[in-house]
Amino acid sequence: EECLAVAFARDARGRKDGFVCVATTDHCVRVLYADTFKFKVSLYGHSLPCLCVGGSSDGKLLATGSSDKTLKLWGLEFGDLRRSILAHDDAVTGLQWLRGTHYCITTSKDGSVKQWDCDRLETPFVQLFRRGHTSEVWSVASNPDGSALYTAGADRALRCWARTDEPVFASEEQDAQLDATLDKLGDGLDEVAQPGASGHIIPAKTSHAAQKGAERIAEALELAQGEAAVRAAALEKGTQPPAPSPLLLGMAPRRYVLRRLGDLTSAADLEPALLVLPVDLVAVLLEFLADALDGDESVDVELCARAAALSLKLHAREVSAHAPLRRPLLKLRDALRKRLDAERALFGRNLAACRIAKLRS
């Protein structure tokens, strides 16, 4: 595999020889012993190639940034994923640790430079460096004491950021980021900001479950897509469609997809699984959801609505740029409105019946 980034990481146990971390095009980061180049561990978790990698000065954390817009933090001793942060609206192109701290600076193709406190689980975002680059930012570096940062980008600019005594309040910075996101929402689907603008976190404890959930959804979509293609070809030829495949448990393709989605019992399980699902399969999922809502009276409307909303939230820019999806999206919108209106009417009737029963009692 081609190598995209390499960095040296200290050993947290104080050994003289540390580790060499190499990011490759197969979305993996391989950790090797620096003195012998003997393999230690592989770090899997990114859904797109990793573009930058770096270790903290105490050797306790390794950070990786990827084209999937995430910043991931790892423990080097066992290769465990500590947490995953949707850091930017586009690919994370560079990162730099500040010596003696767990502050990490990231740069991105979205033109932004951000600071993160990697010791904080709930709200690691610290600040956005404003009035900076006007195009993609490709690299970042700091001086030894961390009092100055240097960034370079596609706008042909080299910028220096100096530390000041002015305090930075993370909550105010997060509110400013949220306001900016809401402003973008009014500019149409093509301008929708990604969840990373608010520093949304996927907890490390769900990372393994998220990967497994995404694999199950991807497998179900691929099986269902193949079965649907076979049935469509049979109908086109005017022949009898084949019996339901045992691989789909004897179910119709869209029923099987919904069954697999239903296995993820809550939004907390479904969201991280959809996040790491490849965008081309997200498009397939939206088409199945539109078909299910439009043609199946017994479908789980809540599950379909939740899956559709999360998919559009997490992959809005990519989905809006996918022209063949426009018709299924309109179909999905109309079907969801019709089903939700019916559910609302049913709820109103049940509520009225309960009130009448209460009055009669």
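None of these values were measured; they are calculated from a predicted model.

A closer look at the pattern of salt bridges
By the definition in use, this model includes 8 salt bridges. In this structure, Arg231 and Glu227 form a salt bridge, with 3.6 Å as the shortest nitrogen-oxygen distance. Placement of both Arg231 and Glu227 in helix α2 (residues 207-237) is noted, with a separation of 4 residues, approximately one turn of the helix. Classification of Glu227 by relative accessible area gives buried; the value is 11%. For Asp334, the salt bridge goes to Arg333, with nearest N and O atoms at 3.3 Å.

Remarks on the packing of aromatic side chains
Given two aromatic rings, their pairing is described by the distance between the two centres and the angle made by the two planes. Per the counting criterion, the structure on display carries 2 aromatic pairs. Measuring from centroid to centroid gives 5.6 Å for Phe19 and Tyr33, while their planes differ by 50°, and the two rings are tilted. A residue pair is termed long-range when its members are at least 10 positions apart, and Phe19 in strand β2 (residues 19-24) and Tyr33 in strand β3 (residues 29-33) qualify at 14 residues. For Phe19, a relative accessible area of 3% gives the class buried. Centre to centre, the rings of Phe129 and Trp161 are 5.2 Å apart; their planes meet at 75°, and the pair counts as edge-to-face. Residue Phe129 is located in the loop between β12 (125-128) and β13 (137-142), and its partner Trp161 is located in strand β15 (residues 158-162); the two are separated by 32 residues in the primary sequence. The same class applies to Phe129 and to Trp161, which are both buried.

Considering the nonpolar core
Residues Ile217, Leu221, Leu261, Leu286, Leu289 and Leu332 are the most contacted members of the largest nonpolar core, which totals 40 residues. If you list the elements that add at least two residues to this core, you get α2, α3 (253-263), α4 (267-275), α5 (279-295), α6 (301-314) and α8 (326-360). A per-element tally of this core places α5 first, with 11 residues. Leave out the neighbours within four places in its chain, and Leu289 touches Leu258, Leu261, Cys304, Ala307, Ala308 and Leu332.

What to know about the sheet that holds strand β11 (residues 113-117)
Reading across the sheet, the 4 strands line up as β9-β10-β11-β12 and stay open at both edges, with antiparallel pairing between neighbours. Only two strands of the sheet have a single partner each, and these edge strands are β9 (92-97) and β12. Taking each pair of neighbouring strands and ignoring which way they run, the sheet shows an average axis angle of 25°. Relative to strand β10 (residues 103-108), β9 is paired through 5 bridges, and the arrangement is antiparallel.

Re the sheet that holds β15
Strand order across the open sheet formed by 3 strands is β13-β14-β15, with antiparallel pairing between neighbours. Among the strands making up the open sheet, the edge pair consists of β13 and β15. Neighbouring strand axes in the sheet, compared pairwise and without regard to direction, differ in orientation by 20° on average.

The rules behind the values
- Residues numbered from 1 in each chain as written.
- Predicted model: local features only at pLDDT ≥ 70, side-chain atom pairs only at ≥ 80, totals over all residues.
- Heavy atoms only, no water.
- Salt bridge = Lys/Arg side-chain N within 4 Å of Asp/Glu carboxyl O.
- Helix = DSSP H or I, 4+ residues; strand = E, 2+ residues; numbered from the N terminus.
- Buried < 20%, exposed > 50% of the residue type's maximum accessible area, 1.4 Å probe, protein only.
- Phe/Tyr/Trp six-rings, centres within 6.5 Å; stacked < 30°, edge-to-face > 60°.
- Core = buried A, V, L, I, M, F, W, Y, C linked by side-chain atoms within 4.5 Å.
- Contact = heavy atoms within 4.5 Å.
- Pairing = 2+ DSSP bridges.
- Axes fitted to C-alpha atoms, helices over the stretch in contact; angles between N-to-C directions.

In short, shape yes, function no, at least from these values alone.
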